[in-house]
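Take a look at the letters that make up each chain.
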Amino acid sequence: MRFHYKYRYISILSLFLICLFAPDSVLGQSRLRVYEDYIDKYSGIAVKHMSDYKIPASIKLAQGILESGAGMSDLARRSNNHFGIKCHRGWRGESVYAADDTPNDCFRKYRRVEDSYDDHSEFLTTGSRYRELFNLSITDYKGWARGLQKTGYATDRAYANKLIKLIEDYELYRFDNKNYRRGVTRQQREQAKKQEIAQTNWTHQPYKTHGLLYVVAVNGDTFAGIANEFGFKEKDLLKFNEVSEGFPLSEGDIVYFQKKKPRADQPYFEHVVQIGESMYSISQKYGVQLRNLYRLNKKSYEYVPEEGDVLKLR
């Protein structure tokens, strides 16, 4: 995420003299039980495929949920096809027919859901169409989502944004963490976090824009590391930025040091949605509270912004 608006530098001393740090609760998202069950059932195979094929587990799970309706769609039930892969030239396996781009499209049929996962990984890694995606970081789920849409995996203009929303709403990014393991104890997680903080050897320049203090994340940053550098509690930074523990930072992301505003400052009245943007990334871009961004646009939390949509910011 790039921040193009006017800003001014803030000295470290000035930062600590500004007492504007009021706790705020993270926006609670209602979760579908069927999605949670799907994640519990298939996260293990998604993590294994991440190791074997270098496809982010978050992307694997999000595509599985989206393409198959968490395994509940008619196509998924009839074919065990969880990724919407069509027959294409050269397919020699069984097939089923369902309406998609045409009233009678041919889709691949599998004996088991696990076979669909295997074929999806082969589909992405074979040939040249998706090759560039594998140059991205395994934790760059936003880049992967944008890339899948741009390279034509789906014709839906909101495809990338839907994947990103699923990953953020259900915290699927946690499965992309190389330290993630089933059965890891809380003590082990805390120790890993301390090691991350201890490895922090950079400093960040605080900025101020729209009356909000922030720093720009660099490659390898964590909320824990930034909190430690500036003497914050990690939980406060998570609250200010409306995310849960473990949320990954990418280079260029904004990390706010105080509660975001109910609406954007003038002259930012509207935003035109781009590929790969979520309501959350837009709220960060303008320093607007996420729940208020939904309210300003009279949208429910199920809304996914589509490329070209115009959103009100104030």
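Structure: above.
(A) Local environment of empty space enclosed by the protein. If you walk through the whole model with that rule in mind, you get 1 cavity of 30 Å³ or more. Roughly 60 Å³ of volume is contained in the largest cavity. Along the walls of the largest cavity sit 10 residues, with Phe-247, Asp-253, Ile-254, Tyr-280 and Gln-284 positioned nearest its centre. Per-class residue counts for the lining of the largest cavity are 6 nonpolar, 2 polar and 2 charged.

(B) Main features of the layout of surface pockets. Considered as a void within the structure, the second largest pocket measures approximately 510 Å³ in volume. Around the second largest pocket, the lining is made up of 23 residues, and of these Glu-67, Gly-84, Lys-86, Asp-100 and Tyr-153 lie nearest the centre. Where the lining of the second largest pocket is concerned, the elements lending two or more residues are α3 (57-68) and α7 (159-169). When its residues are assigned to classes, the lining of the second largest pocket shows 12 nonpolar, 4 polar and 7 charged.

(C) Quick peek at the packing of aromatic side chains. Within the structure shown, the criterion is met by 19 aromatic pairs. With a centroid separation of 6.0 Å and an interplanar angle of 20°, the aromatic rings of Tyr-153 and Tyr-159 are classed as stacked. The pair Tyr-153 / Tyr-159 is uniform in exposure class, with both members buried. A ring pair is formed by Tyr-173 and Phe-247, whose centres lie 5.0 Å apart and whose planes are at 75°; its orientation type is edge-to-face.

(D) Broad picture of the side chain of His-204. Tracing the chain through its elements places His-204 in the loop between α8 (186-198) and β4 (207-209). A polar atom in the side chain of His-204 sits 2.7 Å from the side chain of Glu-229.

(E) Expanded view of the side chain of Ser-116. Position of Ser-116 among the secondary structure elements: in helix α5 (residues 113-125). Looking at Ser-116, its side chain comes within polar contact range of the main-chain nitrogen of His-82, at 3.0 Å. Setting aside chain neighbours within four positions, we find Ser-116 in contact with Asn-80, Asn-81, His-82, Phe-83 and Tyr-110.

(F) Molecular detail of the nonpolar core. Counting 66 residues, the largest nonpolar core has Leu-148, Tyr-153, Leu-237 and Phe-257 as its most contacted members. Ranked by size, the runner-up nonpolar core spans 5 residues in total, among them Tyr-207, Tyr-214, Ile-254 and Tyr-256.

(G) Focus on the state of the cysteines. Under the defined criterion, the tally for this structure stands at 1 disulfide. Across the disulfide from Cys-87 sits Cys-106; the S-S distance is 1.9 Å. Residues Cys-87 and Cys-106 are joined through a disulfide that is left-handed, its torsion about the S-S bond being -65°. Within this pair, whereas Cys-87 is found in the loop between α4 (74-79) and β2 (95-98), its partner Cys-106 is found in strand β3 (residues 105-108), the two being separated by 19 residues in sequence.

(H) Highlighting α5. End to end, α5 covers 19 Å across 13 residues, agreeing with the expected 18 Å (1.5 Å per residue, within 8%). Buried residues of α5: Val-113, Ser-116, Tyr-117, Asp-119, His-120, Ser-121 and Leu-124, and no others. Structurally, α5 contributes buried residues whose contacts are with α2 (33-53), α3, β3 and α6 (141-150). Phi for Gly-127, located one or two positions after α5, is positive at around 90°.

(I) How the structure looks around the packing of α6 against α7. Two numbers describe how α6 lies on α7: the axes approach to 8 Å, and their chain directions differ by 150°. When the interaxial angle is binned, α6 and α7 end up roughly antiparallel. Remark: the crossing between α6 and α7 carries right-handed chirality. Here Tyr-141, Lys-142, Ala-145, Arg-146, Leu-148 and Gln-149 of α6 come into contact with α7, specifically with Tyr-159, Ala-160, Leu-163, Ile-164, Ile-167 and Glu-168. Residues that form the contact of α6 with α7 fall into these classes: 8 nonpolar, 1 polar and 3 charged.

Basis of the calculations
- In every chain, residue numbers begin from 1 and rise along the written sequence.
- Reporting in this predicted model follows two pLDDT cut-offs: at least 70 for local features of residues, and 80 or more for side-chain atom pairs to be given and counted; totals over whole chains, interfaces and linings ignore these cut-offs and use all residues.
- Side-chain metrics in this entry use all non-hydrogen atoms of the structure; hydrogen atoms and water are not considered.
- Site definitions follow a grid-based scheme: protein atoms alone, a 1 Å grid, a 1.4 Å probe that fits but cannot get out for cavities, and for pockets an open set with protein on both sides within 12 Å along at least five of seven lines, plus lining residues having an atom within 4 Å of a point.
- Grid points are joined across faces, edges and corners, and a volume is the space filled by probe spheres set on the points.
- In this classification, the charged set is Asp, Glu, Lys and Arg, the nonpolar set is Ala, Val, Leu, Ile, Met, Phe, Trp, Tyr, Cys and Pro, and all remaining amino acids, among them Gly, are polar.
- Helix and strand assignments come from DSSP, with helices taken as H or I runs of at least 4 residues and strands as E runs of at least 2, each series counted from the N terminus.
- Here a Phe, Tyr or Trp ring, Trp counted by its six-membered ring, pairs with any other such ring whose centre lies within 6.5 Å, and the pair is stacked when the planes are under 30 degrees apart, edge-to-face when over 60, and tilted otherwise.
- With a 1.4 Å probe rolled over the protein chains alone, any residue whose accessible area is under 20% of its type maximum counts as buried; one over 50% counts as exposed, and the rest are partly exposed.
- Polar contact is defined as a pair of N or O atoms within 3.5 Å, subject to the rule that within protein one atom must be able to donate a hydrogen and the other to accept it, and that residues adjacent in sequence are counted only when both atoms are side-chain atoms.
- When checking whether two residues touch, look at their non-hydrogen atoms; a contact exists if any pair is within 4.5 Å.
- Joining through side-chain atoms within 4.5 Å is the link that ties buried Ala, Val, Leu, Ile, Met, Phe, Trp, Tyr and Cys residues into a set, and such a set is a nonpolar core.
- Here, two cysteine sulfur atoms that lie within 2.5 Å of each other are counted as a disulfide.
- In this analysis, the expected span of each helix is defined as 1.5 Å times one less than the number of residues it contains.
- Axes here refer to lines fitted to C-alpha atoms; in helices the fit is confined to the stretch in contact. Angles between the N-to-C directions go from 0 to 180 degrees.
- For classification, angles of less than 35 degrees are called roughly parallel, those exceeding 145 degrees roughly antiparallel, those between 65 and 115 degrees roughly perpendicular, and all remaining angles oblique.
- The sense of a crossing depends on the near helix, which, turned anticlockwise from the far helix by less than a right angle, makes the crossing left-handed and, turned clockwise, makes it right-handed.

Spatial relationships are all this shows, so hold off on functional conclusions.
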